[in-house]
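Coordinates in review
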Amino acid sequence: MSDFSLTGKTAIVTGGAGGLGRSMVAAYAEAGANVVVASRNRENIERVAAEINAKGQCALAIPVDVTQADAVDELVQRTVDAFGALDVIVNNAGRWGRSHVPEDTPLDEWRTVVEQNLTGVFIPCIAAGKQMISQQRGKIINISSTAGSKGNPGQLHYSAAKAGVISLTNNLAMMWAKHNINVNCILPGLTATDELKGYGIIPSSVDEDGNAVPRLDLPPNPEDVADLALFLASPASDALTGENYPIRTWMKSERFWK
């Protein structure tokens, strides 16, 4: 459908070599976008970009530390120099922290996790926003978490940072609406990435009797997040801004504390 086409558009995906990032990069490229794969690990992003380019699609790998303003400014400038504009940025880069009871949360870890997950979204939002204001158009998609909306008691730092991303999204949406910049937020819950499968925390798709578990009793896949990210980047979402979109099935752990 033409409303979901990104032909001629240019998108940056930070954290573009990770489980969610790779899926979003692939979805954007398949929809016709020029995709900039951004992350700190040059080898990983170059591998992802090469996979996209081998399909006859267009991807460019640019290493970046999203907590460094000069590096992010360079990311945006190199993107515009290569493709002429910046239409979409997905602020997906982030990290977990270790789980602690509140009183044992180390201050240095708090600062690191908040820096990566909140400051590392704020800086790219501002850099991309300046370019989009000059264009008078653009779409910013911030990746938060259901931990930011319902909390995660063992991860005070991560939950607080992800809640901050939701607030940042709402504020920017209001202030930049006059510039025709859509700012929205995706809140993935537990998602069946390769990394989490490796940790053994993704439930099996079959029960102990070998019967298939109903789809809505299983976590979403990275492709489900990518489908929503594609919608929010496409013309189909032109009238939507300042919204928070959870990605979760009916798993009790995604809705309630216990």
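Structure: see above.
Presented here is a report on the structure given in the accompanying data block.

Criteria and thresholds
- Residues numbered from 1 in each chain as written.
- Predicted model: local features only at pLDDT ≥ 70, side-chain atom pairs only at ≥ 80, totals over all residues.
- Heavy atoms only, no water.
- Helix = DSSP H or I, 4+ residues; strand = E, 2+ residues; numbered from the N terminus.
- Expected span 1.5 Å × (residues − 1).
- Buried < 20%, exposed > 50% of the residue type's maximum accessible area, 1.4 Å probe, protein only.
- Contact = heavy atoms within 4.5 Å.
- Salt bridge = Lys/Arg side-chain N within 4 Å of Asp/Glu carboxyl O.
- Pairing = 2+ DSSP bridges.
- Axes fitted to C-alpha atoms, helices over the stretch in contact; angles between N-to-C directions.

1. Overview of helix H8 (residues 222–233)
Compared with an ideal rise of 1.5 Å per residue, which puts twelve residues at 16 Å, H8 spans 16 Å between its outermost C-alpha atoms and is within 8% of the ideal. Within H8, burial applies to Pro222, Val225, Ala226, Leu228, Ala229, Leu230, Leu232 and Ala233. The inward-facing, buried residues of H8 abut helix H1 (19–30), strand S4 (88–91), strand S5 (138–143), strand S6 (181–188) and strand S7 (244–247).

2. A look at the pattern of salt bridges
Under the criterion given, the structure shown has five salt bridges. Across the pair Arg137 and Asp87 runs a salt bridge, and its minimum N-O distance is 2.2 Å. One end of the pair, Arg137, is in the loop between helix H4 (107–135) and S5; the other, Asp87, is in the loop between helix H3 (69–83) and S4, with 50 residues separating them in the sequence. A relative accessible area of 33% places Arg137 in the partly exposed class. On the basis of relative accessible area, Asp87 is assigned to the buried category, the value being 7%. With its nearest N and O atoms 2.7 Å apart, the salt bridge here joins Arg98 to Glu109. Taken together, the residues span a long stretch of sequence, with Arg98 in the loop between S4 and H4 and Glu109 in helix H4 at a distance of eleven residues. Judged by its relative accessible area of 6%, Glu109 is buried.

3. Notes on the sheet that holds S5
Pairing is parallel across the open sheet formed by seven strands, whose spatial order is S3-S2-S1-S4-S5-S6-S7. Single-partner strands in this sheet number two, and they are strand S3 (58–63) and S7. If you compare each strand with its neighbour and ignore which way they point, the axes differ by 20° on average. Against the sheet, helix H2 (residues 42–54) contacts strand S2 (34–39) and S3, and its axis sits at roughly 175° relative to S3.

The analysis is restricted to geometry; functional conclusions fall outside its scope.
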